[in-house]
Amino acid sequence: MKKLGRNDPCWCGSGKKYKHCHEAFDERLAEEAQKGTEVPDHSMIKTPEQIAAIRESCRINVAVLDYVAEHIREGVTTEEIDRWVYEETTRRGGIPAPLDYDGFPKSVCTSVNDQVCHGIPSEKVVLKDGDIVNVDVSTIYHGYFSDSSRMFCIGNVDPKTRRLVDVVKECVELGLKEVKPWGYLGDMAQAVHDHAKKNGYSVVREIGGHGVGLEFHEDPWVGYIGTRGSGMLLAPGMIFTIEPMINMGKADVYVNEDDGWTVYTRDHSPSAQWEIMVLVTEDGHEVLAW
Ligand code: MF3
Ligand code: CO
């Protein structure tokens, strides 16, 4: 990359001179990289215009999840949830990002009980009393991506399983607290993992979160097995998901070979996941979608 002059327009697209914009930022990143820290590259730093556009996409994503929250109940099939998501997304001018993504056949992922993630909606899956289900919604709006998911408890969920759902939400909240500029992804990971472990749960290792906004899945990869002060440095303008998958039993998972998508816990213990989209700001963070 050609070195920018101090009076050249900044690489971020702000229109400001480099010296009045990201020069100090780049110096700080270079210093950190020198020390061996993993640092984000410029492609991971969103411009204010991109952030505004991603925010609009997130607004739809959240509205669609709100719609699901209002209508989900015992007796609904996951196929119906898929239809709601398709209709509510397209009605608002969006496109469901999962549809045809790598051949995924539906508009949303619905993962019930021992399904960890990437469950495929089906008319055969009828939600019943006591089920827990993750509904993972992702939207493309004017080319910008959003992605978030929630857990839903159907009817009377036994207290032990309900606790899993609640604790995983707490894990995300505790992880979120760690998100700040010049902190590390490992700060967030350790907060998530510590809380899960303290409660006797295990964190899925193979599947994690990701950068998001200009694409569905961008760098960095976001895992939840990490140590404070390690992992990628966080900088203002980064957007990524926090979406730990946490199992009541062992951490091991497998993919259903027949459909090629649905991930299950190996021991068939229940699994829960909440997913939020977070922006690193100048003084902390902002949740863009939940
Ligand atoms: N929404 C998932 C995520 O959180 C990705 C689903 S990919 C799909 O990253 F193809 F299964 F939709
Ligand atoms: Co995601």
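The rules behind each value
- Residues numbered from 1 in each chain as written.
- Chains lettered and ligands numbered in written order.
- Predicted model: local features only at pLDDT ≥ 70, side-chain atom pairs only at ≥ 80, totals over all residues.
- Heavy atoms only, no water.
- 1 Å grid on protein atoms, 1.4 Å probe; cavity = no way out; pocket = protein on both sides within 12 Å on 5 of 7 lines; lining within 4 Å.
- Points joined across faces, edges and corners; volume = space filled by probe spheres on them.
- Helix = DSSP H or I, 4+ residues; strand = E, 2+ residues; numbered from the N terminus.
- Nonpolar A, V, L, I, M, F, W, Y, C, P; charged D, E, K, R; others polar.
- Donors = N, O, S within 2.8 Å, 3.2 Å for Na, K, Ca; no water.
- Tetrahedral: all angles 85-135°; square planar, octahedral: opposite > 155°, others 65-115°.
- Buried < 20%, exposed > 50% of the residue type's maximum accessible area, 1.4 Å probe, protein only.
- Pairing = 2+ DSSP bridges.
- Axes fitted to C-alpha atoms, helices over the stretch in contact; angles between N-to-C directions.
- Polar contact = N/O pair within 3.5 Å; in protein donor to acceptor, adjacent residues only side chain to side chain.
- Contact = heavy atoms within 4.5 Å.
- Near = heavy atom within 4 Å.
- Areas by Shrake-Rupley, 256 points an atom, 1.4 Å probe, with all protein chains shown as cover.
- Sits in = over half its atoms within 2 Å of the grid points.

Some points on the layout of surface pockets
So, point 1. In this structure, the largest pocket occupies an estimated 380 Å³ of space.
So, point 2. For the lining of the largest pocket, the secondary structure elements donating two or more residues are strand 4 (132–141), strand 7 (209–211) and strand 8 (218–222).
So, point 3. Tallying contributions element by element places strand 8 first for the lining of the largest pocket, with four residues.
So, point 4. Residue classes in the lining of the largest pocket are distributed as 11 nonpolar, seven polar and seven charged.
So, point 5. Its volume calculated, the second largest pocket comes out at about 240 Å³.
So, point 6. In terms of lining residues, the second largest pocket is bounded by 17 residues, among which H22, K46, P48, I51 and E282 are the most central.
So, point 7. Secondary structure elements with two or more residues in the lining of the second largest pocket: helix 2 (48–71) and strand 14 (276–280).
So, point 8. Considered class by class, the residues forming the lining of the second largest pocket number nine nonpolar, five polar and three charged.

Some remarks on the coordination of the cobalt ion (ligand 2)
So, point 1. Within the protein, D147 (OD), H210 (NE2), E243 (OE) and E275 (OE) serve as the donor atoms for the cobalt ion (ligand 2), at 2.1 to 2.2 Å.
So, point 2. Every donor counted, the six donor atoms about the cobalt ion (ligand 2) form angles of 53 to 159° at the centre, which fits irregular coordination.
So, point 3. Sequence positions of the donors to the cobalt ion (ligand 2) reduce to the motif D-x62-H-x32-E-x31-E. With D147 in strand 5 (residues 144–153) and H210 in strand 7, this residue pair connects regions lying 63 residues apart in the sequence.
So, point 4. The exposure class assigned to D147 is buried, which follows from its relative accessible area of 3%.

Some thoughts on the sheet that holds strand 12 (residues 263–265)
Paired through backbone hydrogen bonds, the strands of a sheet run either parallel or antiparallel to each other.
So, point 1. Taking strand neighbours across the sheet as the criterion, the three strands line up as 3-12-11 in an open arrangement whose pairing is antiparallel. Single-partner strands in this sheet number two, and they are strand 3 (115–117) and strand 11 (253–255). Averaged over all neighbouring strand pairs, the angle between strand axes comes to 40°, with direction disregarded.
So, point 2. Both strand 3 and strand 12 contribute to a ladder of two bridges, which runs antiparallel. Bridge assignment links C117 to a residue of strand 12, and that residue is V263.

Notes on unusual backbone geometry
So, point 1. With an omega of 0°, the peptide bond between D219 and P220 qualifies as cis.
So, point 2. Residue placement: P220 occurs in strand 8.
So, point 3. Even without a glycine there, the phi angle at D100 is positive, about 70°.

As for the side chain of H210
So, point 1. Among the residues examined, H210 registers a relative accessible area of 5% and is labelled buried.
So, point 2. Polar contacts involving the side chain of H210 include one to the main-chain carbonyl oxygen of F216, which spans 3.2 Å.
So, point 3. A polar side-chain atom of H210 sits 3.0 Å from a polar atom in the side chain of E243.
So, point 4. The residues contacting H210, other than those within four sequence positions of it, are D147, F216, H217, E218, P220, V222, F240, T241, E243 and E275.

Topic: the site of ligand 1
So, point 1. Around ligand 1 there are 14 residues in total, and D136, H210, H217, E243 and E275 lie nearest to it.
So, point 2. Side-chain polar atom of E243 to an oxygen atom of ligand 1: 2.8 Å apart, as the coordinates give it.
So, point 3. Within the complex, 96% of the 340 Å² of free accessible area of ligand 1 lies under protein.
So, point 4. Among the cavities detected, the one that contains ligand 1 is the largest pocket.

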